Structures are given as structure tokens and as C-alpha cells.
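Descriptive analysis of the structure
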Amino acid sequence: MKKVGIIMGSTSDLPIVRKAAEVLKDFGVPFEAHVYSAHRTPGEAKEFAASARDKGFGVIIAAAGMAAHLAGALAAGTTLPVIGIPISSSMNGLDALLSTVQMPSGIPVATVAVDGAKNAAFLAVQILAVEDAALAEKLAAQRAKNAADILEKDRTIMDNL
Ligand code: RP5
């Protein structure tokens, strides 16, 4: 199976990024995490993007806050899909959301919600599941469990009012 690369701009992003790693672990998807910054370590970020496909990565998750250029910078250096997580380290994450999502044509970043690390991981799993039937089955099972959990809550909601 292809690996997921999880890149964060700072270790201060770790409390959010950890949630993506937990989802990937639940699905048994291999991943590798790094702290590379578009601004503080641009050379390492560029090298990671340039070599990611040859190193067995299938998708990259990039988390950054403030002037969040990391996902875009990685996307500029690879044709692998890049998923951006805007981190709410200032302005409730609105600065990071716009910095991550507003990419020029031809260099997309699939941007999830502010601090949306879980969905970044789910999307990464869905991308890998395009070519992996066993992984697609795990996703379907997870959706079914989600639905069952909600319907169970529906059955008891009147008792809680
Ligand atoms: C971004 O700036 C990082 O991704 C982080 O969200 C934010 C603040 O970084 P630190 O100053 O906490 O290292 O580059």
C-alpha cells in the first residue's frame, strides 16, 4: 500500500495533526510524519515534495497555521494529491484557511475545514482506496457504523429532552 505523508509546519500543530494519525492507524494505513516549514525549512519541504512519489507516498497531508503556505508549497513540487489542514493558531484559522485554499489553477490543494485533521485522513484513505478494494471495504464498514451510531442516538433522543 502507498504511504501517507503527514507534514506539519510546527510541532505546535501536533495536537491537531495527531487526530489524522489516529484515523490512519485505525485503517491500518502506513504513514510517515515530518516537521517541515514552508518558511523556516523551505529546502527540506521542497526536497520532500520532489522525492515523495519515488519514496512510495500516494498522498500528502499538510497542516499549517497563520500564513499557511506549506500545503501549497508542497503541491507546487509534486503531482501527488495534497490535502491541506488549516490550523487555527490565529484569527480562528481564517488566515490559514484562505492561505491554504486559495491556490492558482493547476496547483490544487484539497482543503478541509479549520483543524479538520480527521477529515484530511479520511480523504487520504479514500484516495488510496480508489485502487485498494480491501481499504474501500473498511471505509464502507466505517460509514455503516457511523450510521448505526446516529440511529441509536435517534432512538433515545426523546428520553433526553
Ligand atoms: C505555522 O505557524 C505553523 O504551522 C504553526 O501553525 C504556526 C505557528 O508556529 P509556531 O510559531 O508555533 O512554531 O508555520
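Calculation notes
- Residues numbered from 1 in each chain as written.
- Predicted model: local features only at pLDDT ≥ 70, side-chain atom pairs only at ≥ 80, totals over all residues.
- Heavy atoms only, no water.
- Pairing = 2+ DSSP bridges.
- Helix = DSSP H or I, 4+ residues; strand = E, 2+ residues; numbered from the N terminus.
- Contact = heavy atoms within 4.5 Å.
- Axes fitted to C-alpha atoms, helices over the stretch in contact; angles between N-to-C directions.
- Left-handed = near helix turned anticlockwise from the far one by under 90°.
- Nonpolar A, V, L, I, M, F, W, Y, C, P; charged D, E, K, R; others polar.
- Buried < 20%, exposed > 50% of the residue type's maximum accessible area, 1.4 Å probe, protein only.
- Right-handed = clockwise from strand over helix to strand, strands pointing away.
- Expected span 1.5 Å × (residues − 1).
- Near = heavy atom within 4 Å.
- Polar contact = N/O pair within 3.5 Å; in protein donor to acceptor, adjacent residues only side chain to side chain.
- Areas by Shrake-Rupley, 256 points an atom, 1.4 Å probe, with all protein chains shown as cover.
- Core = buried A, V, L, I, M, F, W, Y, C linked by side-chain atoms within 4.5 Å.
- Parallel < 35°, antiparallel > 145°, perpendicular 65-115°, else oblique.

Attention now goes to the sheet that holds strand S4 (residues 82-87). The strand order across the open sheet formed by 5 strands is S2-S1-S3-S4-S5, and the pairing between neighbours is parallel. The open sheet has two edge strands with one neighbour each: strand S2 (31-35) and strand S5 (110-111). Two elements, S4 and S5, share 2 bridges in a ladder whose sense is parallel. Directly across from glycine 84, in S5, lies its bridge partner threonine 111. Relative to strand S1 (residues 3-8), helix H1 (residues 14-27) is tilted by about 175°, and along the sheet it contacts S1, S2, strand S3 (57-65) and S4. In the packing of helix H4 (residues 94-101) onto the sheet, contacts are made with S3, S4 and S5, and the angle to S4 comes to roughly 160°.

A word on the packing of H1 against helix H5 (residues 117-129). When two helices pack together, their arrangement is given by the angle between the helix axes and the distance between those axes. For the pair H1 and H5, interaxial distance at closest approach is 7 Å and the crossing angle is 35°. Crossing angle aside, the handedness with which H1 passes H5 is right-handed. Seen from H1, the contacting residues are Ile16, Val17, Lys19, Ala20, Val23, Leu24 and Phe27; seen from H5, they are Ala117, Lys118, Ala121, Phe122 and Val125. Among the residues making up the contact of H1 with H5, the classes are represented as 10 nonpolar, no polar and 2 charged.

Two faces, one strand: in a regular strand the side chains alternate between the faces of the sheet. When you tally the buried positions in S1, you get 5 out of 6 residues, the bulk of the element. Strand direction decides the pairing type here: S1 and S3, joined by 6 bridges, are parallel. Across the sheet, lysine 3 pairs through a bridge with phenylalanine 57, a residue of S3. Pairing geometry for S1 and S2, over 5 bridges, is parallel. Across the sheet, glycine 5 pairs through a bridge with glutamate 32, a residue of S2. For the handedness criterion, the β-α-β arrangement of S1, H1 and S2 is classed as right-handed.

Bringing H5 into the picture now. Counted at 1.5 Å a residue, the expected span for H5 with its 13 residues is 18 Å, and the 18 Å between its end C-alpha atoms agrees. Regarding H5, the residues found buried are Ala117, Ala120, Ala121, Phe122, Ala124, Val125, Leu128 and Ala129. Where H5 is buried, its residues contact S1, H1, S3, S4 and helix H6 (133-156).

All residues adjacent to the ligand are Gly9, Ser10, Ser12, Asp13, Arg40, Ala64, Gly65, Met66 and Ser89. With respect to the ligand, the side chain of serine 10 contributes an N or O atom lying 2.6 Å from an oxygen atom. At 2.6 Å, a side-chain N or O of aspartate 13 approaches an oxygen atom of the ligand. Starting from 360 Å² of accessible surface for the ligand in isolation, the protein chains cover 76%. Broken down by class, the residue content of the shell around the ligand amounts to 2 nonpolar, 5 polar and 2 charged.

Our next topic: the nonpolar core. Within the largest apolar cluster, 28 residues are counted, with the highest numbers of intra-cluster contacts made by Val4, Phe27, Val29 and Ile85. Elements with a minimum of two residues in this core: S1, H1, S3, S4, H5 and H6. Element by element, the count of residues in this core is highest for H5, at 8 residues. Sequence-distant contacts of valine 4, defined by excluding residues within four places in its chain, comprise Leu24, Val29, Pro30, Phe31, Glu32, Phe57, Val59, Ile61, Ala124 and Leu128. One finds Ala38, Ala45, Leu70 and Leu74 within the second-largest nonpolar core, a separate group that totals 20 residues.

We now examine the packing of H5 against H6. With their axes 8 Å apart at the nearest point, H5 and H6 run at an angle of 140° to one another. Here H6 runs oblique to H5, going by the angle between their axes. The element H5 and its partner H6 pack so that their crossing is left-handed. The segment H5 lies against H6, with Phe122, Val125, Gln126, Leu128 and Ala129 engaging Leu135, Ala136, Leu139, Gln142 and Arg143. Residues that form the contact of H5 with H6 fall into these classes: 7 nonpolar, 2 polar and 1 charged.

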